[in-house]
Amino acid sequence: MKRYSIALILLILAGCAKKQPAGHYPSLSPGEELQSFRLSEDFKVELFASEPMVFDPVEMVFDENGKIYVAEMLDYPEDPPPGKPARSRIALLEDTDGDGKIDRRTVFADNVLEVSGIMPWKGGLIVTSAPDILFMKDTDGDGKADIRKVLYTGFPKVYPEGRITNPRLGIDNWIYAASSGDSRITEPDHPERPPILARGRDFRFRPDRGIAEPASGPTQFGLTFDDWGNRFITQNTMHVRQVVVPAQYLLKAPLLEVGAVAQDISDHGRPSARMFPLTQPQAWRVERTNLRQQRYRDNHLESIRPLDKSLEVVAGYFTAAAGGTVYSGDQFPAKYRGNLFTGDVSGNLVHRDILTPDGVLFKASRAAEEESREFLASTDNWFRPCNFANAPDGLLYITDMYRETIEQPESIPETIKKNIDFWSGVDKGRLWRIVPSHPSRNGNLKPNLGAASTAELVEQLANPNGWNRQTAQRLLVDRQDRAAIPLLEQMAAKSQFPQARLHSLWTLEGLSALTPSQVERALHDSHPAIREHALRMSEPLLARSKPLTDAVLAMVKDPEPRVQLQLAFTLGEAKDPRALPLLASIASAHASDRWFRTAVLSSASHSAFQLFTTLQKRPGRWGDARFLSELSALIGAKQEAGEMTPAINTLAGLHEGEAESWRTAGLSGLGRGLKLVGASGLKLPAAEASLMKMLDSSSEKTQAAAREVAQHIELRAFIKKASEQALANNLPVPARQMAIRSLRGGQFAAVGPVLRRVLDPKEPPELQAAAVDSLAAFDDPSISSILLDNWRTYDPEVRKKALVALLESRDRAPVLLKAMEDHQIEPSAFDAGARDRLLQNPDPGIRQRAQALFLNSGSDRAKVVQAYREVADMSGEPKRGKQVFEKNCGKCHLPRRLGGQRVGPDLSGVNNKTKEELLASILNPSAEIEPRFTNYVVVTKDNRLHDGIIVNETPGTLTLRGDSEEGDVTILRQNISEIRASSVSLMPDDLEKQLTKQDLADVIAHLRAGL
């Protein structure tokens, strides 16, 4: 291991000692900035290009002939005003005299809005520029793109870091792209194809085969692969995450609810890791952090949580990680190869992680010599390392945007923001390369692979430099030259370089020439990553090769965890009865591991009951209560009597010593699955005795879990008993509530009269509310009139529930509107969300009637804000404001651990806002809605309407969070007939009716002091 020289240490200390106080820092010339870098004596930094050759670079790529393209994001941080052209562009850079520096610049493409990602493809570029993914190409040799074609469109134009970006070619021949917005993606060349929904997920596509689909994520800015196709992503404060669950397997398991698909793998800080900048934070950061810390102290949050390192600590933790890239070159010393390099543009540094296998995951660790320093750090506050590029010369290049300020304006208080010039530095930009002190070879930036023969390209698959291997594979797949096949087969079978064997196999796949025998051979490869990939490659071939199927099933004995995990996914593609016992074996061994649970259940989603019974006979049963619950949910969602009955009977017949935990898990899972598909009135006569036994259990947990199932099943004895309990005045209110809610499992003809009696004004509101909830579960046409008959006697909470019940069914909307038109219900009874359900109703007639009613109600929020302007001049009491806030706003804005539901934005940063801004946001909440908290109206095929923010999505399900006390609602995508984003905030826009002006002043004081 090399040591730092004394001279270098003194230089670093001197640089630290001369740190300027927080304030304005002037820009440096490229030569001066070069002197600001501090890194190991293993390396040096060289200037590759600077202004006027390059401006605001965020991505650079090298094509097969050594042409260098740079995405210049001049639009950052805000799109141009309407009617003005985009300023961002793509530049083509050249080194014409071979001195290793750029001396010619051509604008390849101009007016490319917020261009953030580029990738060589078919002699041109794949370009990400929301709302589009484009293909651009120069066909006449003048260095300027004359083809500009939209491949896909529909990506949201959200904040720049969250847009579609980072197109990366995977070793599997798919192009992956980072995306974190609400995407409804279409292909202009194929309008007949259904839109691809990729909300909150990344995107992948194969333009060579015309296919595209969502990919697991989401990623913010930074997407990379290692040599073995493992995908790592960057998300701002979380500088390194690993994608573990590929979305393609979830697409085939629509009934499976899945939480995380990626994992933060840093072992030196989660969710935000420590970093060691050499710069002082800018003045505006210091001021903003002081405000946040003051809020933290004023609200005595020390007993609730530590300081949020990504918000309430001014520096020293990742807050703006970007561009994570695995170094795949051959020039760096061996210990640096395969390392992950990530920039932090706020810390003016480059961080290095060593990636080592850790079970099915990797672990990202600091190098021993970098425990208290960074791989590269600068004393220049303008150094903004936002991205990296592996190059033909085997080196790693840095894109340095070189701006004075990198931050979204919305994240900075108005009082601070007005003194910041966000465009300072728009006329600058630098590209740097990291060069080892003792290079292993002379680098070459003009590989001329475009003119290489097919045989020469195949040879390049064994090149130790990753850029050459990836480019050769791309060109071979592009050319589709069948002469490459025997050469690839020989390399896959005989190369001593494992990366070459893997590239050869995937190149054969790209040529549609991969055979079962080749994959079978790869399943026995000495390298575990190749065995893992061979399982993936086997999936489309299993149906036509029994020997290959046999070889895949034999992989259950493989000792490598990642191979086992991939086998759990792949077994779902094997239409062989032997696959299920193998899934059971994997589940038994790994049921406590959430990644294995997801893999096994994705493969067993259509044979969940068979897996349930197979595992039930094993000594350890289902291995883990969480696995049993998730498995049972799949059984419940299928709602087949032949599976539900024995499952319930099995749970009821468990030995008492093990009963409660298994029963609770199994019943809760069954209930969750039944609720997911909206099951009701199921007839399971052979399971009634078992279910009744568990409903009468002495265990409250078992009893409650059994009720979750019973409400979906026709149990006459149970319904009779629940009907009696619902009307029994001598029972405690909670017991009657539970009985009333259970009635939704009965026939309406039998339970309707009971529920109507509970709506009597003499009954407690809690029971009336429960009755409304149960009535809402039925589709009988009389429900509307039953709910409206007692409208004037309901208290506010019951009214709210009744209104939700009337709104959640499309068939009830006309009755509700008629009640409004007849003045039985006043328009003021509707909050913004309730109004929006009618205003967004799929029926045009309903929408028109609602518009007429609500427009006549005279709601004009701008006038209300104007009428309350004096509140901004009033003094407020933060402590009293805290009480008012928690009573009126906390349910939606506080996280669940503090008693809320978080259906509105986290307000931890609103102290940045002025009093006037906060007043406008409170009184006119729909004027500006944060994209993550957009309210969606979802219409299901049974004519029910749901609304709320989307908190989780899988290929098969969508989960909404509204303000319902029953919590999140998960809906099967196959049951959705329509979904639309609302322009109305979930936050009510008539808070002034509940709060006095002094209340508002107090709440504003509380928000400015902190939550």
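Details of the structure are given in the entry above.
Conventions we followed
Residues numbered from 1 in each chain as written. Predicted model: local features only at pLDDT ≥ 70, side-chain atom pairs only at ≥ 80, totals over all residues. Heavy atoms only, no water. Phe/Tyr/Trp six-rings, centres within 6.5 Å; stacked < 30°, edge-to-face > 60°. Helix = DSSP H or I, 4+ residues; strand = E, 2+ residues; numbered from the N terminus. Buried < 20%, exposed > 50% of the residue type's maximum accessible area, 1.4 Å probe, protein only. Pairing = 2+ DSSP bridges. Axes fitted to C-alpha atoms, helices over the stretch in contact; angles between N-to-C directions. Salt bridge = Lys/Arg side-chain N within 4 Å of Asp/Glu carboxyl O. Contact = heavy atoms within 4.5 Å. 1 Å grid on protein atoms, 1.4 Å probe; cavity = no way out; pocket = protein on both sides within 12 Å on 5 of 7 lines; lining within 4 Å. Points joined across faces, edges and corners; volume = space filled by probe spheres on them. Nonpolar A, V, L, I, M, F, W, Y, C, P; charged D, E, K, R; others polar. Parallel < 35°, antiparallel > 145°, perpendicular 65-115°, else oblique. Left-handed = near helix turned anticlockwise from the far one by under 90°.

J.: Just checking my understanding: could you explain the packing of aromatic side chains for this structure?
T.: The geometry of an aromatic ring pair is captured by two quantities: the separation of the ring centres and the angle between the planes. Tallied over the entire structure, the rule returns 26 aromatic pairs. For the pair phenylalanine 37 and tryptophan 432, a centre-to-centre distance of 5.0 Å together with 85° between the ring planes defines the contact as edge-to-face. You can see phenylalanine 37 sitting in strand E1 (residues 37-39) and its partner tryptophan 432 sitting in strand E28 (residues 430-436), a full 395 residues away along the chain. The residues phenylalanine 37 and tryptophan 432 share a single accessibility class, namely buried. Both rings, one in tyrosine 69 and one in phenylalanine 108, keep their centres 5.1 Å apart while their planes meet at 70°; by these two values the pair is edge-to-face. Here tyrosine 69, found in strand E4 (residues 68-72), pairs with phenylalanine 108, found in strand E6 (residues 104-109); they are 39 residues apart in sequence, far enough to count as distant.

J.: Help me understand the pairing of strand E18 (residues 231-235) in this model?
T.: Each regular strand shows side chains that alternate between the opposite faces of the sheet. Along E18, 5 of the 5 residues are buried, which leaves the element largely enclosed by surrounding structure. Burial of E18 is two-sided: the residues Arg231, Ile233 and Gln235 facing one way and the residues Phe232 and Thr234 facing the other way are all buried. With 3 bridges connecting them, strand E17 (residues 223-225) and E18 associate as antiparallel partners. Within E18, the position partnered with leucine 223 by the bridge is isoleucine 233.

J.: I keep staring at the sheet that holds strand E2 (residues 43-50) and nothing clicks. Help me out?
T.: Sheet strands associate in pairs through backbone hydrogen bonding, adopting either a parallel or an antiparallel arrangement. The strand order E2-E28-E27-E26 describes an open sheet built from 4 strands, whose pairing is antiparallel. Every interior strand has two partners, whereas the edge strands, E2 and strand E26 (385-390), have only one. Along the sheet, successive strands turn relative to each other by an average axial angle of 25°, direction set aside.

J.: How should the pattern of salt bridges be read in this particular structure?
T.: Opposite charge on two side chains makes pairing possible when the charged atoms of those side chains draw close. Applying the stated criterion to the full structure yields 53 salt bridges. Residue arginine 578 pairs with aspartate 550 through a salt bridge whose shortest N-O separation is 2.7 Å. Of this pair, arginine 578 sits in the loop between helix H13 (561-570) and helix H14 (579-590) while aspartate 550 sits in helix H12 (residues 546-553), and the two are 28 residues apart along the sequence. Taking relative accessible area as the criterion, arginine 578 reaches 37% and is therefore assigned partly exposed. A relative accessible area of 29% places aspartate 550 in the partly exposed class.

J.: Would you mind showing me how to read the environment of threonine 957 here?
T.: Here threonine 957 lies in strand E31 (residues 957-961). Measuring from C-alpha to C-alpha, the distance between threonine 957 and leucine 251 comes to 9.8 Å, with 706 residues separating the pair along the chain. Here threonine 957 is in contact with Pro254, Leu256, Leu676, Thr970, Ile971, Leu972 and Arg973, once residues within four sequence places are set aside.

J.: Looking at this structure, how should I read the pairing of strand E11 (residues 165-169)?
T.: E11 sits mainly inside the fold: 5 of its 5 residues count as buried. Taken together, the 3 bridges between E11 and strand E12 (residues 175-178) define a ladder with antiparallel strand orientation. In the sheet register, arginine 168 faces E12, and the bridge partner there is tyrosine 176. Here E11 folds back onto E12, and the loop between the two strands holds 5 residues, one of which, asparagine 173, carries a positive phi near 75°.

J.: What is the right way to look at empty space enclosed by the protein in this model?
T.: Remark: the empty space left among the atoms is shown by a probe the size of a water molecule rolled over them. Scanning the model with the defined rule gives 6 cavities of 30 Å³ or more in all. The calculated volume of the largest cavity comes to roughly 680 Å³. Around the largest cavity sit 33 residues that line it, and Arg168, Leu169, Ser328, Asn390 and Gln470 are the ones nearest its centre. Listed by contribution, the elements that provide at least two residues to the lining of the largest cavity are strand E3 (57-62), strand E7 (117-121), E11, E17, strand E21 (321-326), E26 and helix H7 (466-479). A per-element tally of the lining of the largest cavity places H7 first, with 7 residues. Considered class by class, the residues forming the lining of the largest cavity number 15 nonpolar, 12 polar and 6 charged. Approximately 420 Å³ is the volume found for the second largest cavity. Around the second largest cavity sit 26 residues that line it, and Gly229, Val243, Val244, Pro246 and Arg536 are the ones nearest its centre. When residues of the lining of the second largest cavity are traced back to their parent elements, those giving at least two are strand E19 (238-243), helix H3 (247-251), helix H11 (528-538) and H13. Among the elements that make up the lining of the second largest cavity, the one with the highest residue count is H13 (4 residues).

J.: When you look at unusual backbone geometry in this model, what are you seeing that I'm missing?
T.: One can expect most non-glycine residues to show negative phi and most peptide bonds to be in trans. In this model, alanine 130 is joined to proline 131 through a cis peptide bond whose omega is 15°. Locating proline 131 in the fold gives a position in the loop between strand E8 (124-129) and strand E9 (132-137). Look at the link from glycine 217 to proline 218: it is a cis peptide, with omega at 0°. Secondary-structure assignment places proline 218 in the loop between strand E16 (211-215) and E17. In this model, arginine 621 sits at a positive phi of 55°, which is unusual for a non-glycine residue. Following the sequence through the fold, arginine 621 ends up in the loop between helix H16 (608-616) and helix H17 (625-638). Take arginine 621: its relative accessible area is 15%, and that puts it in the buried class.

J.: What is the right way to read the packing of H16 against H17 from this model?
T.: Each packed pair of helices is defined by two parameters, the angle between the axes and the distance between the axes. At a minimum axis distance of 8 Å, the contact between H16 and H17 shows a crossing angle of 140°. Relative to H17, the element H16 is oriented oblique. Relative to H17, the crossing made by H16 is left-handed. Touching Ala608, Phe609, Leu611, Phe612 and Leu615 of H16 are Phe627, Leu628, Leu631, Ser632, Leu634 and Ile635, all from H17.

J.: I would appreciate a short explanation of the sheet that holds strand E10 (residues 147-153) in the present structure.
T.: Across the sheet, 4 strands lie side by side as E7-E8-E9-E10; this open sheet has antiparallel pairing. Because the sheet does not close on itself, it has two edges, and the strands there are E7 and E10. Pairs of neighbouring strands in the sheet enclose a mean axial angle of 25°, with direction left out of account. Relative to E8, E7 runs antiparallel, the two sharing 5 bridges. Bridge pairing in E8 links methionine 119 to isoleucine 126.

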